Amino acid sequence: MAGFVSNLLILLLLFQNICLGFRSPLSVFKRYKDTSTSLSSECLVSDQPVISFGLSDFALDIRMPAVTPKQSDTYLCMSVPLPVDDEAYVVDFKPHASMDTVHHMLLFGCNEPSSTENYWDCDEGTCKDKSNILYAWARNAPPTRLPKGVGFRVGGETGSRYFVLQVHYGDVSAFRDKHKDCSGVTLHLTHQKQPLIAGMYLMMSVNTVIPPGKKVVDADVACHYKRSPMHLFAYRVHTHRLGKVVSGYRVRNGQWTLIGRQSPQLPQAFYPVKYPIDISYDDILAARCVFSGEGRTTETHIGGTANDEMCNFYIMYYMEAKHAVSYMTCTQNTNPEMFRNIPQEANIPIPVKSDVKKMMHGHHEEPKDSDTSSLLQQDRKEEGEILDQETKDSDASYLLQQAKKEDAEILDQDFHIEEAVEWPGLDLKLGQVSGLALDPENNLVVFHRGDHVWDENSFDSKFVYQQRGLGPIEQNTIIVLNPSNAKLLHSTGKNIFYLPHGLSVDKNGNYWVTDVALHQVFKLGANDKEPLLILGVPLQPGSDKNHFCQPTDVAVDPITGSIYVSDGYCNSRIIQFSPNGVYLMQWGEETSLGRSRPGQFYIPHSLALIPDLSQLCVADRENGRIQCFRLETGEFTREIKHKAFGRELFAVSYVPGGLLFAVNGMPYPGEAESVQGFVMNFSTGEIIDTFIPLRKSFEMPHDIVASEDRTVFVGDVHAKAVWKFASVEKMEHRSVKKAGIEVQETKESETIVEARLKNKPESRDPLKNIDKQHLVQQASSTGVSFVLITTLLIIPIVVLLVILVFIRWRKTTVYGGNPDGECKLDSTSGRILGRLRVKGGGGINLGNFFASHKGYSRKGFDRLSTEGSDQEKDDDGTDSEEERSVSPLPPAPSSS
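Cut-offs used in this document
Residues numbered from 1 in each chain as written. Predicted model: local features only at pLDDT ≥ 70, side-chain atom pairs only at ≥ 80, totals over all residues. Heavy atoms only, no water. Helix = DSSP H or I, 4+ residues; strand = E, 2+ residues; numbered from the N terminus. Areas by Shrake-Rupley, 256 points an atom, 1.4 Å probe, with all protein chains shown as cover. Pairing = 2+ DSSP bridges. Axes fitted to C-alpha atoms, helices over the stretch in contact; angles between N-to-C directions. Phe/Tyr/Trp six-rings, centres within 6.5 Å; stacked < 30°, edge-to-face > 60°. Buried < 20%, exposed > 50% of the residue type's maximum accessible area, 1.4 Å probe, protein only. Lys NZ or Arg CZ within 6 Å of the ring centre and 35° of its normal. Disulfide = S-S within 2.5 Å. Salt bridge = Lys/Arg side-chain N within 4 Å of Asp/Glu carboxyl O. Contact = heavy atoms within 4.5 Å.

> Looking at this structure, I do not really get the overall build of the protein chain. What am I missing?
Per the secondary structure count, the protein chain includes 9 helices and 50 strands. Carbon together with sulfur atoms contributes 51% to the accessible area of the protein chain, which is approximately 37000 Å² in total.

> What exactly am I supposed to notice about the sheet that holds strand β28 (residues 511-515) here?
Picture the strands of a sheet paired through backbone hydrogen bonds; they go either parallel or antiparallel. Sheet architecture is open: 4 strands sit in the order β27-β28-β29-β30, paired in antiparallel fashion. Here the strands that pair on one side only, and so sit at the sheet edges, are β27 (500-505) and β30 (533-535). For this sheet, the mean inter-axis angle between neighbouring strands, taken without regard to orientation, is 15°. Of the pairings in the sheet, the one linking β28 to strand β29 (residues 520-524) comprises 5 bridges and is antiparallel in character. Among the inter-strand pairings, T514 is bridged to a residue of β29, identified as V521.

> Explain the packing of aromatic side chains to me, please; I cannot follow it from the model alone.
In this description, a pair of aromatic rings is defined by centroid distance and the angle of the planes. All chains considered together, the criterion is met by 26 aromatic pairs. On the numbers, 6.3 Å between centres and 35° between planes, the contact of Y235 with Y271 is tilted. Of this pair, Y235 sits in strand β14 (residues 230-238) while Y271 sits in strand β17 (residues 271-279), and the two are 36 residues apart along the sequence. Neither Y235 nor Y271 differs from the other in exposure class; each is buried. Note on F497 and F522: the rings are 5.2 Å apart at their centroids and 85° apart in plane angle, and the pair reads as edge-to-face. Residue F497 is found in the loop between β26 (488-492) and β27, and its partner F522 is found in strand β29; the two are separated by 25 residues along the sequence. This pair shows no difference in class: F497 is buried, exactly as F522 is. Pairwise contacts between aromatic rings join W454, F459, Y465, Y498 and Y569 into one cluster. The ring of F682 has R638 lying over it, and the distance from NZ or CZ to the ring centre is 5.0 Å. Above the plane of the ring of Y668 lies R647, whose end atom (NZ or CZ) is 4.4 Å from the centre.

> Sorry if this is basic, but what is going on with the state of the cysteines here?
Simply put, disulfide is the name for a covalent bond between the sulfur atoms of two cysteines. Tallied over the entire structure, the rule returns 6 disulfides. Through a disulfide, C110 is tied to C127; the S-S separation comes to 2.2 Å. In this structure, the disulfide formed by C110 and C127 twists by about -75° around the S-S bond and is classed as left-handed. Here C110 is found in strand β5 (residues 104-110), whereas its partner C127 is found in the loop between β6 (120-121) and β7 (132-138), with 17 residues between them in sequence. In this structure C127 comes out as buried when scored by relative accessible area, which is 8%. In this model C223 forms its disulfide with C330; the gap between the sulfur atoms is 2.0 Å. Between C223 and C330, the disulfide has an S-S torsion of 90° and is therefore right-handed. Taken as a pair, C223 in strand β13 (residues 217-224) and C330 in strand β21 (residues 327-330) lie far apart in primary sequence, 107 residues in all. Considered together, C223 and C330 belong to a single accessibility category, that of buried residues.

> Could you clarify how one ought to interpret the pattern of salt bridges in this entry?
Oppositely charged side chains may form a pair once their charged atoms are brought near each other. Summed over all chains, the structure comprises 18 salt bridges. Here D220 makes a salt bridge to R288, at a shortest N to O gap of 2.7 Å. Of this pair, D220 sits in strand β13 while R288 sits in strand β18 (residues 284-291), placing them 68 residues apart in sequence. Of the residues examined, R288 reaches a relative accessible area of 6% and is grouped as buried. Among the salt bridges present, the one from R250 reaches D278, with a minimum N-O distance of 3.7 Å. Taken together, the residues span a long stretch of sequence, with R250 in strand β15 (residues 243-252) and D278 in strand β17 at a distance of 28 residues. Taking the relative accessible area as the measure of exposure, R250 reaches 11% and is therefore buried. Overlapping salt bridges bring together R250, R252, D278 and D283 as one network.

> I tried to follow the sheet that holds β6 on my own but got confused; where do I start?
Read from one edge of the open sheet, 5 strands run β6-β3-β9-β5-β7, paired in antiparallel fashion. Because the sheet does not close on itself, it has two edges, and the strands there are β6 and β7. Of the pairings in the sheet, the one linking strand β3 (residues 74-81) to β6 comprises 2 bridges and is antiparallel in character. Counted as the bridge partner of C77 is W120 from β6.

> What is the right way to look at the side chain of S434 in this model?
With respect to the helices, strands and loops of the structure, S434 is situated in strand β23 (residues 433-438). Each residue touching S434, except ones within four places of it in the same chain, is listed here: F447, H448, R449, P500, H501, H702 and D703.

> Would you mind showing me how to read the environment of I62 here?
For I62, the position within the fold is in strand β2 (residues 57-63). Measuring from C-alpha to C-alpha, the distance between I62 and L187 comes to 7.8 Å, with 125 residues separating the pair along the chain. Residue contacts for I62: discarding those within four places in its chain leaves M78, V80, L107, F163, L165, S183, G184, V185 and L187.

> For this particular structure, what's the right way to read the pairing of β23?
On any regular strand, side chains alternate: one points to one face of the sheet, the next to the other face. Counting buried positions along β23 gives 6 out of 6 residues, so the element sits mostly inside the fold. Where β23 and strand β24 (residues 444-448) come together, 5 bridges link them in antiparallel fashion. Its bridge partner being in β24, L436 is matched across the sheet by V446.

By themselves, these figures tell us nothing about what the structure is for.
If you want it as structure tokens, here you go:
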């Protein structure tokens with residue numbers, strides 16, 4: 001029976017892989033997307049907009065029907081009905097648009113388009129009923145991305161039955177040759193129920209008045225959240241010309257957590273939330289828009305014209321399907337007094353270069369005189385407005401690079417970490433590696449001890465360095481390496497340090513380091529032979545404002561320039577200094593007997609600064625935990641502690657996207673926790689992944705640093721080595737045996753030795769799980785005779801034939817037959833199954849809504865020219881890294 005099941009599974013998988021090219025339906029969709037990219041420029045409109053990928057997945061192509069806009073700032077709309085009656089879910093998007101011609105595209109879902117024509121001028125509106133934004137594409141801005149397991153619900157009894165595409169053609173000079181445009185978007189839809197449903201939360205001010213000439217005007221919006229929990233994954237800001245910065249927050253128990261902050265004069269598409277944020281019942285959602293009335297001679301009100309203003313903060317979220325609500329709004333300020341405690345960042349404008357503003361507001365300065373009857377229609381038409389005209393100057397290139405960087409941001413965490421075995425950096429001749437960092441060019445910076453070592457003879461019982469006679473290290477202690485090939489790019493730091501320890505690099509490329517022998521902190525320029533700033537008294541340990549005692553690490557706030565020092569092996573505190581080195585404050589105390597309490601340290605060993613959250617996280621080494629604190633006050637915010645950490649946690653690093661990376665210490669005798677690296681979800685503290693090297697082994701991993709693309713470097717003070725690890729997305733790949741090691745070859749033919757990951761999350765791909773199961777079963781049945789196997793194969797073949805017939809019949813019934821065979825994509829059949837009955841629904845008419853508020857200007861309601869009016873949418877008292885010298889406390893209970 002085992003042999004029968006084994007072979008049946010093998011044949012089923014073989015058949016499915018043949019038909020889908022060893023790809024899941026999503027992979028097939030991605031392949032379809034890649035092969036259809038050229039269509040946007042060639043304007044090849046498919047007469048078969050529905051492409052099926054299996055029993056439950058299909059693609060829907062939504063394109064402009066070969067249009068030629070005749071004037072700049074033309075807005076054209078077209079609609080496509082959902083080609084199925086039952087409920088479906090949009091789970092991915094593929095844009096088809098050229099920046100040469102298209103300024104932005106928006107995709108709405110509704111039940112009744114504003115017109116039944118093939119396409120129409122969006123002056124007529126997008127939808128007659130309430131519509132929801134599903135997708136936004138804008139020139140020089142990242143596209144909308146959905147996390148795994150999240151989808152927009154369409155069809156059925158409650159979902160939208162039509163898609164309405166709106167395309168804004170900014171500068172039509174590219175159409176002088178009278179060519180046709182078929183810009184649009186391809187949707188990946190599935191009938192498989194998604195556990196999480198996406199939706200939109202709009203916060204907007206409706207009664208703000210900006211006095212003429214006033215330098216700063218705040219528009220605040222706040223509402224109590226009274227629904228089931230929602231999880232935020234993207235945000236968008238919008239104002240007109242007077243807006244300087246828009247910020248959104250979650251306020252919980254008086255603590256403000258940043259959702260997103262952006263200049264509305266930069267691309268106003270949806271940007272990914274930098275770290276996971278959940279909104280629970282009775283949390284407060286708050287937003288502030290900062291305006292300036294300088295240059296205006298009359299009052300400016302909220303409205304829909306170029307001379308009016310808007311204050312909008314959009315949040316894209318997902319909820320559990322059973323509680324899902326597709327659209328929510330907040331237009332009031334329930335607690336004005338709370339904004340006295342809003343973080344200072346919300347009041348600091350984000351600088352925008354003048355040329356960028358020119359791109360934003362370059363032409364059509366005057367509003368048009370045409371009047372529309374509803375601000376809602378005007379706002380939906382202008383949603384996503386970002387840049388006014390295309391330029392080729394350096395600022396445009398900068399914006400494009402910035403957008404591409406944001407575009408690469410992945411909102412889910414479906415990946416694992418593996419050693420990059422081809423990286424030659426492991427063979428570098430280094431001293432004890434104490435610190436690692438990445439400079440602004442993402443080069444790897446290594447801080448090592450040359451021919452000096454920290455051992456039991458280094459310090460006396462009062463922490464005074466005993467080997468001064470050796471003199472400072474004569475080798476360059478700071479080396480800069482190419483992160484790809486470990487080529488030496490730069491080196492410095494000779495004849496300065498005795499026992500290097502911590503390292504960080506500020507936004508200007510300056511090196512900030514600590515020396516535990518000198519008891520000092522240094523700031524060095526990349527090309528300077530002498531330090532730019534020195535804190536502490538050389539070779540004198542102490543605990544006052546002017547002394548350190550073996551300081552371990554230093555971090556610099558990129559926003560304020562404030563300096564944070566972890567001090568250290570013989571002190572238990574974090575000290576804050578001003579940018580020029582003036583003492584400001586400190587917090588922390590020694591760990592008491594028994595369980596360590598918040599704010600207590602037993603060697604604060606490593607720092608990770610999190611600017612987005614205004615927090616500082618500390619690797620509390622001998623307490624085996626991470627503690628996080630507010631930068632402004634030193635207030636304790638959270639602890640992350642896991643049994644897997646063991647008794648020691650040496651270093652921690654944070655990267656945008658909400659990920660923490662950490663390394664622990666060697667286990668005590670008799671303890672089981674292994675030395676390894678950890679990847680954690682910062683929001684939840686959950687361990688996502690663990691990793692260890694294959695070449696050599698960790699001995700005492702001392703520091704860790706990670707980049708935004710999840711490339712990880714680990715420095716080991718005992719092994720005198722630096723490892724490189726790479727982030728590998730969980731994808732279909734094949735395995736081969738090479739020198740007795742399991743090697744994975746990706747489709748790019750890049751060879752990576754698979755790290756032996758522990759606590760790795762279970763695969764989300766059921767196909768992979770089945771594949772592993774059948775391979776195990778196959779191995780257990782190798783003793784079955786060849787004759788028996790051959791006999792058992794006959795029955796599955798018959799079953800497969802029946803399955804083939806069923807699949808053909810099913811696809812023919814749902815999408816139309818495919819006379820060329822099951823494994824081909826439909827090309828000539830399965831057209832859209834007719835237009836469906838329209839389901840009406842009431843929508844918010846913002847025009848009438850605004851008109852009922854005092855101070856609202858209803859002059860004109862004319863189209864905005866360029867700024868984008870919206871649809872306002874740590875035995876002898878010494879510590880040595882050579883030997884364990886800290887007397888261990890009783891094991892503290894773990895909290896995961």
